[in-house]
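Structural description and commentary
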Amino acid sequence: MQTARELEVLRNEVKALRQGGRTIALVPTMGALHDGHLTLVRRAREAADHVVASIFVNPRQFGAGEDLDAYPRQLARDSELLEAEGVVLLWAPVPEAMYPAGYATNISVAGVSEGLCGGNRPGHFDGVATVVCKLFNQVMPDVAFFGEKDWQQLAVIRRMARDLDLTLPHVDNIRGVPIVREADGLAMSSRNAYLSAEQRSQAAAIPQAMREAIAAVVSGQAVENELVALSAKLLEAGFDSIDYAEVRDADSLVLLDADNGNARLFVAARIGGTRLIDNMAVA
């Protein structure tokens, strides 16, 4: 596996990979890899001749008081994991390669970026859309893979690609991969590493409470009542606060007060300074 740290090196490597009409799949990450990320790589390997992964802790998607400085950085370990999964090129840019002196452009996606994490993290999705658009332009992949744990992020990226008429990748080739979960149901996340043993045990309350709320809504119980009950269960389990517990349309992300056949439950909660998110289909 080759590692590129500067844009010119990346472009030369990508050009070489494309010889003979070969295709490229991109897996963008912020590192601190777990099996959820590696599942994306495995899906990417099935979809293209070559897999390119990126690791970049994007400062523009962290707000004031968030965990930018504390976010785990373990490039050597992550590189070994990616190489073992068949990644041929790692794009791990230095910050100056992504945001050189004088950088002044920002991409903002309305609609799907509003509410949920967009409401609790102002500017977050501007940072996501901007860096992903840059990654697409730098690597020019035929297909790109993202985890569905960040469902709203995936919706923002697809909207951005559609609105800006991107062709590599085309919006239809921006693929979501289902959430990979721990044995107790907790969604895999790099931030799970922040949890103490006690907090990790308490965190399993998220998927359990979500499944119970979904079962109740599907059986005909009122959405509002079940969301109140879900939040109460998380607080009782040891969570410090609930950022949101909402049912929204899976495509438009419009708030719903009843199951419309395409509904999805979204939850974000904080425990011991760590913010965890999850989402499930209401089915």
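Given the structure is predicted, the values throughout are model-derived calculations rather than measurements. (Residues numbered from 1 in each chain as written. Predicted model: local features only at pLDDT ≥ 70, side-chain atom pairs only at ≥ 80, totals over all residues. Heavy atoms only, no water.)

As a further point, take empty space enclosed by the protein. The rolling of a water-molecule-sized probe over the atoms marks out the regions of remaining empty space. Evaluated as defined, the whole model comprises 2 cavities of 30 Å³ or more. Its boundaries defined by the atoms lining it, the largest cavity holds a volume of some 50 Å³. Lining the largest cavity are Lys149, Leu186, Ala187, Ser189, Asn192, Ile206, Leu276, Ile277 and Asp278. Element by element, the count of residues in the lining of the largest cavity is highest for strand 9 (residues 274-281), at 3 residues. In terms of residue class, the lining of the largest cavity is built from 5 nonpolar, 2 polar and 2 charged. (1 Å grid on protein atoms, 1.4 Å probe; cavity = no way out; pocket = protein on both sides within 12 Å on 5 of 7 lines; lining within 4 Å. Points joined across faces, edges and corners; volume = space filled by probe spheres on them. Helix = DSSP H or I, 4+ residues; strand = E, 2+ residues; numbered from the N terminus. Nonpolar A, V, L, I, M, F, W, Y, C, P; charged D, E, K, R; others polar.)

This part takes up the packing of aromatic side chains. The final tally for this structure, using the stated rule, is 4 aromatic pairs. With centroids separated by 5.1 Å and ring planes inclined at 75 degrees, the aromatic side chains of Tyr99 and Tyr103 adopt a geometry described as edge-to-face. Ring centres 6.3 Å apart and planes at 75 degrees place the aromatic pair Phe136 and Phe146 in the edge-to-face group. Placement of Phe136 in helix 6 (residues 124-139) and of Phe146 in strand 5 (residues 143-147) is noted, with a sequence separation of 10 residues between them. Both residues of the pair, Phe136 and Phe146, count as buried. Among the aromatic side chains, those forming a connected cluster through ring pairs are Phe56, Tyr99 and Tyr103. (Phe/Tyr/Trp six-rings, centres within 6.5 Å; stacked < 30°, edge-to-face > 60°. Buried < 20%, exposed > 50% of the residue type's maximum accessible area, 1.4 Å probe, protein only.)

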